[in-house]
Amino acid sequence: MPAGWTYARSGVDIDRKSSAIESLVKELKYKRTGRGRSADLKGLFTSLIDFGDDYLTLCTDGVGTKLIVAEELGIWDTVGIDCIAMNVNDTICVGAEPMSFVDYIAIDKPNDDLTKAIGIGLEKGAEMSNMEIVGGEIAVLPEMVNGVDVSGTCLGFVNKKKVITGQDVNEGDLIISLAASGIHSNGLTLARKVFESAGIGVNDKVPGLKRTAGMELLEPTEIYVRQVLSIIGGHNVTGMVNITGGGLRNLLRMRKGLRYVIDDPVRPLPIFDKLQELGNIETREMYQTFNMGMGYTIVASPNEAEAIVKENGNAKIVGFTEKGNGVLYGPDSLLYENY
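Model, not experiment: these values are computed from the prediction.

(A) Representation of the environment of Ile 81 within the structure. Looking at where Ile 81 falls in the secondary structure, it is placed in helix H4 (residues 79-91). Relative accessible area serves as the criterion here: at 11%, Ile 81 is assigned to the buried category. Spatially, the C-alpha atoms of Ile 81 and Val 63 are 9.2 Å apart, while their sequence positions differ by 18 residues. Ile 81 has contacts with Gly 121, Leu 122, Lys 124, Gly 125, Pro 220, Thr 221 and Ile 223, leaving out every residue within four places of it along the chain.

(B) Region of the structure containing the sheet that holds strand S4 (residues 132-140). Spatially, the five strands line up as an open sheet ordered S1-S2-S5-S3-S4, and their pairing is mixed. Of all strands in the sheet, those bounded by a partner on one side alone are strand S1 (47-51) and S4. Mean inter-strand twist for the sheet, computed between neighbouring axes without regard to direction, equals 20°. As paired strands, strand S3 (residues 97-107) and strand S5 (residues 148-159) are joined by ten bridges and run antiparallel to one another. Paired with Ser 100 across the strands is Leu 155, a residue of S5. Contacts from helix H5 (residues 112-129) reach S3, S4 and S5 within the one sheet, and its direction differs from that of S3 by about 165°.

(C) Expanded view of the nonpolar core. Trp 76, Ile 118, Phe 290 and Tyr 296 are the most contacted members of the largest nonpolar core, which has 88 residues in total. Looking at which element gives the most residues to this core, the answer is H4, with six residues. For Ile 118, the residues in contact, after removing those within four places along its chain, are Trp 76, Val 79, Gly 80, Ile 105, Val 148 and Val 150. Leu 44, Leu 48, Tyr 55 and Val 94 belong to the second-largest nonpolar core, a separate cluster that totals six residues.

(D) Structural context of a nonpolar patch on the surface. Side chains of Ile 21, Leu 24, Val 25 and Leu 28 sit close together on the surface and give an oily, nonpolar patch of about 390 Å² of accessible area. As for its position among the elements, Ile 21 is in helix H2 (residues 14-25).

(E) View of the side chain of Thr 91. Along the chain, Thr 91 falls in helix H4. A residue is classified by how much of its surface remains accessible, and Thr 91, at 0% relative accessible area, is buried. Apart from residues lying up to four places away in sequence, Thr 91 is in contact with Thr 46, Thr 57, Cys 59, Ala 96, Glu 97, Pro 98, Cys 154 and Gly 156.

(F) A look at the packing of H4 against H5. Contact pair H4 / H5: the axes reach a minimum separation of 6 Å and the direction vectors enclose 40°. Between H4 and H5, the angle falls in the class oblique. Crossing of H4 over H5 shows right-handed handedness. Packed against H4, whose contacting residues are Val 79, Gly 80, Ile 81, Cys 83, Ile 84 and Val 88, the element H5 presents Ile 118, Gly 121, Leu 122, Lys 124, Gly 125, Ala 126 and Ser 129 at the interface. Grouping the amino acids of the contact of H4 with H5 by side-chain chemistry returns eight nonpolar, four polar and one charged.

(G) Focus on the pairing of strand S9 (residues 294-300). Of all seven residues that make up S9, seven are buried, and the element is covered over most of its length. Note: strand S6 (residues 174-179) against S9, six bridges, orientation antiparallel. Each residue of the ladder has a partner; that of Leu 178, found in S9, is Tyr 296.

About the criteria used
- Residues numbered from 1 in each chain as written.
- Predicted model: local features only at pLDDT ≥ 70, side-chain atom pairs only at ≥ 80, totals over all residues.
- Heavy atoms only, no water.
- Helix = DSSP H or I, 4+ residues; strand = E, 2+ residues; numbered from the N terminus.
- Buried < 20%, exposed > 50% of the residue type's maximum accessible area, 1.4 Å probe, protein only.
- Contact = heavy atoms within 4.5 Å.
- Pairing = 2+ DSSP bridges.
- Axes fitted to C-alpha atoms, helices over the stretch in contact; angles between N-to-C directions.
- Core = buried A, V, L, I, M, F, W, Y, C linked by side-chain atoms within 4.5 Å.
- Patch = residues over 30% accessible without salt bridge, like charges linked within 9 Å, V, L, I, M, F, W, Y side chains within 5 Å.
- Areas by Shrake-Rupley, 256 points an atom, 1.4 Å probe, with all protein chains shown as cover.
- Salt bridge = Lys/Arg side-chain N within 4 Å of Asp/Glu carboxyl O.
- Parallel < 35°, antiparallel > 145°, perpendicular 65-115°, else oblique.
- Left-handed = near helix turned anticlockwise from the far one by under 90°.
- Nonpolar A, V, L, I, M, F, W, Y, C, P; charged D, E, K, R; others polar.

Any functional reading would require information that these geometric values do not contain.
Spelled out as structure tokens, the structure:
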């Protein structure tokens with residue numbers, strides 16, 4: 001059997017990406033004085049900006065190579081949902097409520113029909129998040145862009161007394177998964193390469209899947225805003241993690257000195273089983289690239305976790321915390337050390 005596909009082989013090396021980010025951040029040293037200074041907290045999914053009794057939150061993200069699938073299918077009215085989701089799902093990780101959004105679209109040439117379709121998805125995502133799109137930018141860059149890129153920035157807020165950083169996670173807390181809608185908007189480069197190498201085009205039906213490869217990949221990212229805000233409004237939560245790029249390694253953003261044990265994961269969605277089969281991908285690689293059906297995780301005490309699961313049909317207890325280091329995936333004892 002030929003060597004299995006990896007994210008790095010497909011063109012995305014997450015370790016080199018982390019190194020590139022580190023080299024950039026080392027150069028960002030200036031700190032604002034006075035109101036509006038950022039909180040000195042690392043590893044969060046969104047920045048915290050001191051604003052009196054509240055923190056403002058600010059984060060930015062894009063749709064990534066899912067846009068290539070949209071272009072091949074000629075379907076653009078859902079990628080705006082992905083753009084919103086990738087930002088608001090990061091915003092709520094600290095307990096913040098998204099309130100305002102600006103989009104950025106880079107395009108090789110103006111296309112009214114295309115931008116209208118993107119706008120339909122942005123509007124839908126904003127409505128799902130109870131968030132207003134207050135502005136944006138369309139840049140026409142024919143010498144730099146071949147196609148379209150879509151990204152955005154989200155502004156949110158959270159009372160300082162209610163912020164959730166993951167540093168309050170305790171030994172013995174339980175890990176809850178909220179179900180993913182599909183592949184979401186990360187790992188698409190690897191997924192596309194796997195289908196391409198198997199001779200499967202975006203309009204081809206895939207054995208074992210109900211839809212064509214393209215429609216499986218284009219399924220919009222789940223937006224967890226209203227559900228998560230409701231959960232933290234009624235329960236004491238110690239940590240939250242958006243399972244995006246890096247997969248389960250994102251759990252390491254929470255408190256150090258603990259091991260995050262996934263001993264009862266959700267059954268992976270069929271799209272992930274098919275990608276692993278076609279690409280001969282190791283299980284460890286799958287769980288550090290894709291969400292595997294676990295789109296968002298919440299950590300809470302056993303009593304709180306059981307109540308949360310009872311009240312939310314898409315929630316499942318998938319693991320627990322213990323003394324140690326890294327992330328342990330039960331069935332194959334796959335350990336990701338702190339990085």
